[in-house]
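Listed here are the chains, written in short residue letters.
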Number of protein chains: 2
Amino acid sequence: METYTIKDIARELGLSTSTVSRALRGSYEINPETKRLVMECAERLNYRPNPIALSLKGSASRAIGVILPQVANYFFSQAINGIEAIAYNRGYHVIIFQSQESYEREMANVQQAMSRKVDGLLMSLSSETSDVTHLQDVLDKNVPLVLFDRVSSELNVTKVVADNFGGAFAATEHLIRSGRRRIAHLTIQPWLSITQERLAGYRAALEQNGLEFDEALIRYGTFGPDEVGPMVDELMHLGSPPDAFFTASDRLAVGCLQALRQRNLHIPDDVSLIGFTNLNVADLLDPPLSTVVQPAQEIGQLAAERLIDQIERKHRALPIETVRIPTELVVRSSTRLEAVKL
Amino acid sequence: METYTIKDIARELGLSTSTVSRALRGSYEINPETKRLVMECAERLNYRPNPIALSLKGSASRAIGVILPQVANYFFSQAINGIEAIAYNRGYHVIIFQSQESYEREMANVQQAMSRKVDGLLMSLSSETSDVTHLQDVLDKNVPLVLFDRVSSELNVTKVVADNFGGAFAATEHLIRSGRRRIAHLTIQPWLSITQERLAGYRAALEQNGLEFDEALIRYGTFGPDEVGPMVDELMHLGSPPDAFFTASDRLAVGCLQALRQRNLHIPDDVSLIGFTNLNVADLLDPPLSTVVQPAQEIGQLAAERLIDQIERKHRALPIETVRIPTELVVRSSTRLEAVKL
DNA sequence: TTGTAAGCGTTATCAT
DNA sequence: ATGATAACGCTTACAA
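Note that the coordinates shown come from a computational prediction; the quantities given were computed from them, not determined experimentally.

(A) Quick look at the overall build of chain A. Scanning chain A from terminus to terminus reveals 12 helices and 13 strands. For chain A, whose C-alpha radius of gyration is 25 Å, the value lies well above the compact-globule estimate of 20 Å for 342 residues. In chain A, the share of contacts with a sequence separation of at least 24, taken over all contacts with a separation of at least 6, comes to 69%. Roughly 14800 Å² of accessible area belongs to chain A as shown, and the carbon and sulfur atoms make up 49% of that amount. Distance between charge centres in chain A, computed from 35 positive and 42 negative side chains, equals 7 Å.

(B) Region of the structure containing the relation of the copies chain B and chain A. The transform that puts chain B on chain A rotates by 180° and translates by 0.1 Å along the axis, for an RMSD of 0.1 Å. What we have between these two chains is a two-fold relation. The C-alpha atom lying nearest the rotation axis in chain B is that of L285(B); the distance is 2.0 Å. Interface residue correspondence from chain B to chain A reaches 92%, placing this contact among same-surface, isologous pairings.

(C) Local environment of the UniProt feature "domain: HTH lacI-type" (unreviewed entry) in chain A. Sites flagged by UniProt as "domain: HTH lacI-type" (unreviewed entry) map to residues 4-58 of chain A. The annotated region residues 4-58 of chain A carries 67% helix and 0% strand content, and the separation between its end C-alpha atoms amounts to 21 Å.

(D) Representation of the protein's contact with DNA strand D in the model. Residues in close proximity to DNA strand D total 25 residues, the closest being T19(A), R22(A), T34(A), I6(B) and Y47(B). A share of 62% is what sugar and phosphate atoms reach among the atoms of DNA strand D within 4 Å of the protein. In this structure, S18(A) approaches DNA strand D through a side-chain N or O atom, which is 3.0 Å from a base nitrogen. The contact in question runs from a base nitrogen of DNA strand D to an N or O atom on the side chain of R22(A), over 2.6 Å.

(E) Molecular detail of the protein's contact with DNA strand C. Around DNA strand C, a shell composed of 26 residues is seen, among which S18(B), T19(B), R22(B), T34(B) and K57(B) lie nearest. At the protein interface, 62% of the atoms of DNA strand C within 4 Å belong to sugar or phosphate. Side-chain polar atom of S21(A) to a phosphate oxygen of DNA strand C: 2.7 Å apart, as the coordinates give it. The side chain of K57(B) places a nitrogen or oxygen atom 3.3 Å from a base nitrogen of DNA strand C. Among the elements of the structure, α1 (6-13), α2 (17-24) and α4 (51-57) of chain A together with α2 (17-24) and α4 (51-57) of chain B are those that each provide at least two residues to the surface near DNA strand C.

(F) Geometry of unusual backbone geometry. With omega at 0°, the peptide bond leading from I267(A) into P268(A) counts as cis. You can see P268(A) is positioned in the loop between α11 (250-262) and β9 (272-276). With an omega dihedral of -5°, the bond running from D286(B) to P287(B) counts as a cis peptide bond. Turning to its location among the elements, P287(B) is positioned in the loop between β9 (272-276) and β10 (290-293). With a phi angle near 60°, D149(B) is a residue other than glycine that sits in the positive phi range. Within the secondary structure, D149(B) is located in the loop between β4 (145-148) and β5 (158-162). What makes D149(B) buried here is its relative accessible area of 4%.

(G) Structural view of the nonpolar core. Core analysis: the biggest nonpolar cluster contains 93 residues, and Y202(A), F245(A), F246(A), Y202(B), F245(B) and F246(B) have the highest contact counts within it. Excluding residues within four positions of it along the chain, Y202(B) makes contact with A168(B), F169(B), T172(B), I183(B), A184(B), H185(B), F213(B), L217(B), I218(B) and F246(B). Membership of the second largest hydrophobic core comes to 57 residues, among which are I64(A), V71(B), I80(B) and I311(B).

(H) Molecular detail of the packing of helix α5 (residues 74-89) of chain B against helix α12 (residues 296-312) of chain B. All names here are of chain B. It is at 7 Å that the axes of α5 and α12 come closest, and there the two elements cross at 40°. Between α5 and α12, the angle falls in the class oblique. Viewed along their axes, α5 and α12 form a crossing whose handedness is right-handed. Each of F75, Q78, A79, N81, G82, I83, I86 and A87 in α5 lies in contact with α12, whose residues at this interface are A296, Q297, I299, G300, Q301, A304, E305 and I308.

(I) Summary view of the interface of chain B and chain A. Of the residues lining the interface, 53 residues belong to chain B; the matching set on chain A comes to 50 residues. With both sides pooled, the region where chain B packs onto chain A buries about 5000 Å², and carbon together with sulfur makes up 55% of that total. Put simply, chain B and chain A have 2 salt bridges between them. On the surface where chain B and chain A come into contact, there are 17 residue pairs in polar contact (both at pLDDT 80 or more). Looking at the side of chain B that touches chain A, its residues break down into 23 nonpolar, 17 polar and 13 charged.

(J) Representation of the sheet that holds strand β3 (residues 120-123) of chain A. All names here are of chain A. The parallel open sheet is built from 6 strands, whose spatial order is β2-β1-β3-β4-β5-β11. Two strands close off the open sheet at either side, each with one partner strand: β2 (93-98) and β11 (322-325). Sheet twist, expressed as the average angle between the axes of neighbouring strands with direction ignored, equals 20°. Judged from the 3 bridges that link them, strand β4 (residues 145-148) and strand β5 (residues 158-162) form a sheet pairing that is parallel.

Conventions adopted
Residues numbered from 1 in each chain as written. Chains lettered and ligands numbered in written order. Predicted model: local features only at pLDDT ≥ 70, side-chain atom pairs only at ≥ 80, totals over all residues. Heavy atoms only, no water. Helix = DSSP H or I, 4+ residues; strand = E, 2+ residues; numbered from the N terminus. Rg over C-alpha atoms; globule rule 2.2 N^0.38 Å. Contact = heavy atoms within 4.5 Å. Areas by Shrake-Rupley, 256 points an atom, 1.4 Å probe, with all protein chains shown as cover. Lys, Arg positive; Asp, Glu negative; His and termini not counted. Charge placed at Lys NZ, Arg CZ, Asp CG, Glu CD. Least-squares fit on C-alpha atoms with pLDDT ≥ 70 in both. UniProt positions renumbered as here; feature names shortened; annotations may be inferred. Near = heavy atom within 4 Å. Polar contact = N/O pair within 3.5 Å; in protein donor to acceptor, adjacent residues only side chain to side chain. Buried < 20%, exposed > 50% of the residue type's maximum accessible area, 1.4 Å probe, protein only. Core = buried A, V, L, I, M, F, W, Y, C linked by side-chain atoms within 4.5 Å. Axes fitted to C-alpha atoms, helices over the stretch in contact; angles between N-to-C directions. Parallel < 35°, antiparallel > 145°, perpendicular 65-115°, else oblique. Left-handed = near helix turned anticlockwise from the far one by under 90°. Buried area = accessible area lost by both parts, 1.4 Å probe. Salt bridge = Lys/Arg side-chain N within 4 Å of Asp/Glu carboxyl O. Nonpolar A, V, L, I, M, F, W, Y, C, P; charged D, E, K, R; others polar. Pairing = 2+ DSSP bridges.

Right, here's the structure in full:
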């Protein structure tokens, strides 16, 4: 499986490289017969244009960069799957960079992606990122950028996100309707868009149902597996302790479930628990975990579609919008399973 | 954040591009003073060499290609994490390709990786792959290749795998020791290396314990979520039905657990179950799932390390070997669970 | 010690 | 309709 270049074809056919190049890309100004010969020869040699050379030349690299915090994560790995599926169909390659939740690394990743001449960039911000000038630079260079999941309000770009507000609202309201009054909310870093939206949904549900929003029931942070337990204890020892937990991530949901179990708190008799998570075995857990599920794959697909649309129609201005995809609240109990679409 | 080239530095300093190039890479034959000037200027302009140009030139691209079946998978996403960590430390980028378990796509991926001039290739074979000539081509082009997890015996390359034989042996022996005699084995495609090794471990454990190896208890395939149930039924209706299940993948383990639960079979009183899986909430399931865990991240790290070693010391011949990393058998029982329910 | 020029694979701009 | 040439950013003989 040798690798041939335009030069080889040119030599083989006694033509110039420019003619071959034109023939290959079906230029109208070349002899149909020549075209046929070139095509046939290219086919025979299994010619493949060198993407590196193409990129260097400045034209499309047919690669899109994906920068996200972590691959080993239920949500993101599913999202990548969606991205890759669309990209593959439309003839693009996906170059994945992990920021590992580090602002430093995210900036380095952006640099690298740019210098690898990706045709566009798909990003979900690291939890350390607040300043987004590195992304403004991307836009200034006219490289299409689409944000998904963890987005920034400071950038005027297309964003694809789950309906975090709606999901949080539904979860909280469900807890209220089932009689809960003191709902704790364990969440991640407060400056992230998803955190704010979920918190807003939680708060709105409380207020619309005449319940007080109590800061004492909110916990922000990056929690390791061993840190959730103490936090649960802390909350349970409040003057008026929570009768339910609403958690904002996979890890928090699992950590909280584990903590509650270890403390012999029965769910949902003692406390209720709903987690924002894409864990796909939630129904097999003990007890089954009620979840707000983000359509990760769909988010990835949509983000990739928007990005490639932008790449391919650079001339026309495409509308900049925020696409919000509904989440699904799946309430699970040991006896029944009901899905509520928002 | 403009992007500067060697030319810019050369112009700025009134030097030639070659001098700048040499200075940048610290060639011994240039004036220390000039070197200093160049370095200072490069620093000031935030100069970054263009990797595309480097690749085209034929030198290192400092990128490694990773071709694997699926990102959205417990094992692979963790492995990627390990790979990326090592690659980042050693100054390499990771370009990920998903074969989606398709031989066609795997070949296309290899082509693409090659034409993107990756410095080396890390692969786990698709479940459709039996012919490996596309990988022999890679080797013929002197591109370092390391296989992990799903490997091929036909290629003389370094391989990093979990100790599948040992894990399967341990799991099976554990089941036998706990009194099981008819252990069904649900597994994936028979031609995959991991399938064969696990089957061999299972068989060896049976035979060393004086139990008969019964083909009727083995099921191979790609099972969707709905197909495991019928298969379990089929097995349970055998003249002498299984009293235990040993499953070879995440999906099979979860599917089997679900099927057994739905059929009200109690674990481990009616049947026992151990799964080869990297699911990280196995202890929270109902009942807790005993697992054979592969050190996915470590496998990724080791594979990446070997590959980069090979890339960087192309001159010396590095030993070709198969690294086998121990798996961990985690036996979980529901005793704690019952305590909670009291 | 530094500069010149060729070359990596491709395409765009001029010729012819 | 086709060919020659320059250019993309960088490295590397070879000259000076």
